[in-house]
Amino acid sequence: MSEAILVARHLVKTYPQRGGLFGLGQQKVKALDDVSIQLNAGETLAVVGESGSGKSTLARCLLQLLPLDSGEVQFQGHDLAKLTGKELRAIRRDLQMVFQDPFASLNPRMRVGEIIAEGLLIHDLGTASEQQRKVVQMVKRVGLSEADLQKYPHEFSGGQRQRIGIARALVLEPKVVVCDEPVSALDVSIQAQILLLLRELQQEMQLSYLFITHDLRVVRHIADQVAVMYKGRVVEQGDVDSLYQSPQQEYTRNLLNAIPGRRPLAGLAAAG
Amino acid sequence: MTALLRMEELTVVPVKSPQRKLVNQVSFVLESGKTTCVVGESGSGKSLTALSVMGLLSEQLQRIHGRVIFQGRDLASLSSEEMRGIRGKQIGMIFQEPMTSLNPVLKVGYQIGESLTEHLGLRGKALRAKVGSLLEQVGIPAERADSYPDELSGGQRQRVMIAMSIACEPAMLIADEPTTALDVTVQAQILKLLDELKTRMNMGMLFITHDFGVVADIADDVVVMFRGEIVESGPVANVLGNPQHPYTQALLDCVPDADGKKPLKPIDYAWLTKGANP
């Protein structure tokens with residue numbers, strides 16, 4: 001059993017929601033309702049759930065991008081909520097994020113080279129020439145060319161932009177990468193490329209991934225552990241093989257049964 | 001069996017650069033009571049093919065060749081007046097985004113009723129009764145006719161879209177990625193509903209999708225498109241079970257399977273363009 005790198009205990013996060021006549025009433029919606037998860041070093045933990053299940057809120061709370069109501073997040077033994085602003089900024093280098101929408105998450109007015117280098121500048125890592133070398137190395141590693149550093153995000157396709165987003169996150173050599181639906185906006189052929197790239201990089205750089213997704217076919221391929229979320233709660237978690245083979249909860253079974261093409265495709269493969 | 005829809009060598013180009021064939025010599029047949037899935041990646045021309053059937057191509061595009069024969073008539077030879085009589089009445093349509101396709105300031109019952117008034121002249125109590133029964137057919141209580149779109153969930157909105165599209169009992173339904181924006185459990189419900197309606201009303205369904213899992217669930221026949229051309233077509237069991245074209249195989253290879261046994265293999269486009277030329 002590998003050791004835990006990121007542990008979340010009893011996370012609670014509520015959002016106020018306007019309701020009632022003319023929106024005058026106020027109710028609270030529990031986006032996270034006593035959520036505990038554990039990410040092991042070098043592994044991938046997939047958090048699956050449908051819209052509104054709280055999975056993206058979980059990602060943001062883990063990285064302290066949203067304040068928690070209660071609960072604690074421990075990264076390598078540090079309680080993130082107890083860190084000062086300065087300490088938290090320093091530790092952010094180790095906790096990076098890859099976003100869903102490759103069109104919205106890259107600043108359109110910055111060149112790709114500037115986008116990827118920005119984290120190195122902020123964290124003041126190395127001399128200017130070292131930074132430049134790292135950026136060039138990283139952009140090549142994700143399958144783009146050095147010449148692409150001079151271009152702007154709009155000059156790239158969705159899959160290429162996602163490569164830029166990955167380079168931006170990984171150039172800092174983080175330990176944990178939170179990927180929030182990184183392939184759901186992509187064509188299936190591009191999706192396969194990006195999933196393979198993420199897996200190769202995980203092995204090369206000993207990364208731990210927290211992978212947020214609604215696609216159970218993708219989960220099956222990338223995850224070691226799975227946590228299933230429903231209405232702000234983790235209803236089931238476990239290692240990917242046993243969860244897919246013998247789901248314990250009704251909700252998990254429903255999710256698995258709703259995967260399109262599951263039985264017919266499997267049948268065809270067996271026949272062919 | 002006579003074909004409900006027969007596409008013959010449909011070719012669509014941008015008006016400004018007619019040498020770029022966005023849809024190139026596309027031919028296939030759809031029969032009543034059957035579902036044909038057109039599957040392909042972004043830019044393969046699958047949505048343009050659907051739009052061509054309905055005569056809804058943007059002004060920057062034009063059909064330079066081919067025919068779209070629906071119930072024996074070439075739709076492209078019809079005036080826009082005649083086409084309006086067919087669209088919504090004999091051909092129903094459902095689009096991907098249930099939120100942007102519904103008018104947010106009109107009650108959903110009114111929106112479903114519009115085409116009934118337009119095409120069948122229904123009004124008053126008869127109209128209200130028909131709208132209620134349509135909502136019930138798609139699994140929504142009749143009193144929801146008085147709701148506005150933002151009061152419904154994504155799945156319910158898509159059900160409303162389906163109720164609208166089948167209101168005049170069309171002979172053919174065109175569905176362009178109708179479940180792509182939905183959660184997987186809701187997607188499964190909507191696919192089941194469409195399949196039931198298709199059988200009950202003996203509609204032909206032209207279903208545009210990029211998801212081979214969805215294809216396996218609902219298609220009778222499959223048309224695989226790549227860069228504007230059909231690379232392979234045929235009954236679903238043949239195309240998915242024993243693909244003949246390298247592109248179909250390559251596309252199937254990059255779909256993650258639910259059992260996680262199959263290794264993912266991205267498409268090698270350079271090899272494909274060389275290998276695909278006979």
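Keep in mind that what you see is a predicted model, and the values were worked out from it rather than measured.

Attention shifts here to the overall build of chain A. Regarding its fold elements, chain A presents 10 helices and 10 strands. At 20 Å, chain A has a C-alpha radius of gyration in line with the 19 Å of a compact globule built from 272 residues. Projected onto the principal axes, the alpha-carbon positions of chain A cover approximately 55 × 55 × 50 Å. Out of the 272 residues in chain A, the part that is buried amounts to 43%. Sequence separation of 24 or more characterises 67% of the internal contacts of chain A that already satisfy a separation of 6 or more.

In this section: the sheet that holds strand 9 (residues 221-226) of chain B. Residues and elements named next belong to chain B. One open sheet holds the 6 strands; their spatial order is 6-7-8-3-9-10, and the pairing between them is mixed. Each edge of the open sheet is held by one strand with a lone partner, namely strand 6 (91-94) and strand 10 (229-235). Put simply, the sheet's adjacent strands are angled 15° from each other on average, direction ignored. Inspection of the sheet shows strand 3 (residues 35-39) paired to strand 8 (residues 204-209) by 5 bridges, in the parallel sense. Within strand 8, the position partnered with Val 38 by the bridge is Ile 208.

On the chain A side, the residues contacting the 31 residues of chain B number 28 residues. Among the elements of the structure, helix 7 (184-201), helix 8 (212-218) and helix 9 (236-241) of chain B are those that each provide at least two residues to the side of chain B that touches chain A. Here the side of chain B that touches chain A gets 6 residues from one element, more than from any other, and that element is helix 8 of chain B. A per-class count over the side of chain B that touches chain A returns 16 nonpolar, 8 polar and 7 charged.

A word on the domain arrangement of chain B. Where interface size is quoted, it is often the accessible area lost as the parts come together. All names here are of chain B. Domain parsing of chain B yields domain 1 (5-90 + 171-235) and domain 2 (101-167). Each of domain 1 and domain 2 has a C-alpha centre, and these two points are 24 Å apart. With 13 residues of domain 1 in contact, the opposing surface of domain 2 contributes 10 residues. Top contributing element to the side of domain 1 that touches domain 2 by residue count: helix 7, with 7 residues.

Before going further, it helps to examine the pairing of strand 9 (residues 225-230) of chain A. All names here are of chain A. Of all 6 residues making up strand 9, 6 are buried, and the element is well covered by its neighbours. Looking at chain direction, strand 9 and strand 10 (residues 233-239) are connected through 6 bridges and run antiparallel. Note on strand 10: the bridge partner recorded for Val 226 is Gly 238. Counting the residues between successive antiparallel strands, the hairpin from strand 9 to strand 10 contains 2 residues, one of them, Lys 231, with a positive phi of roughly 50°.

Parameters at a glance
- Residues numbered from 1 in each chain as written.
- Chains lettered and ligands numbered in written order.
- Predicted model: local features only at pLDDT ≥ 70, side-chain atom pairs only at ≥ 80, totals over all residues.
- Helix = DSSP H or I, 4+ residues; strand = E, 2+ residues; numbered from the N terminus.
- Rg over C-alpha atoms; globule rule 2.2 N^0.38 Å.
- Buried ≥ 20, exposed ≤ 12 C-beta atoms within 10 Å, placed from the backbone.
- Contact = placed C-beta atoms within 7 Å.
- Pairing = 2+ DSSP bridges.
- Axes fitted to C-alpha atoms, helices over the stretch in contact; angles between N-to-C directions.
- Nonpolar A, V, L, I, M, F, W, Y, C, P; charged D, E, K, R; others polar.
- Domains from an automatic or database assignment.

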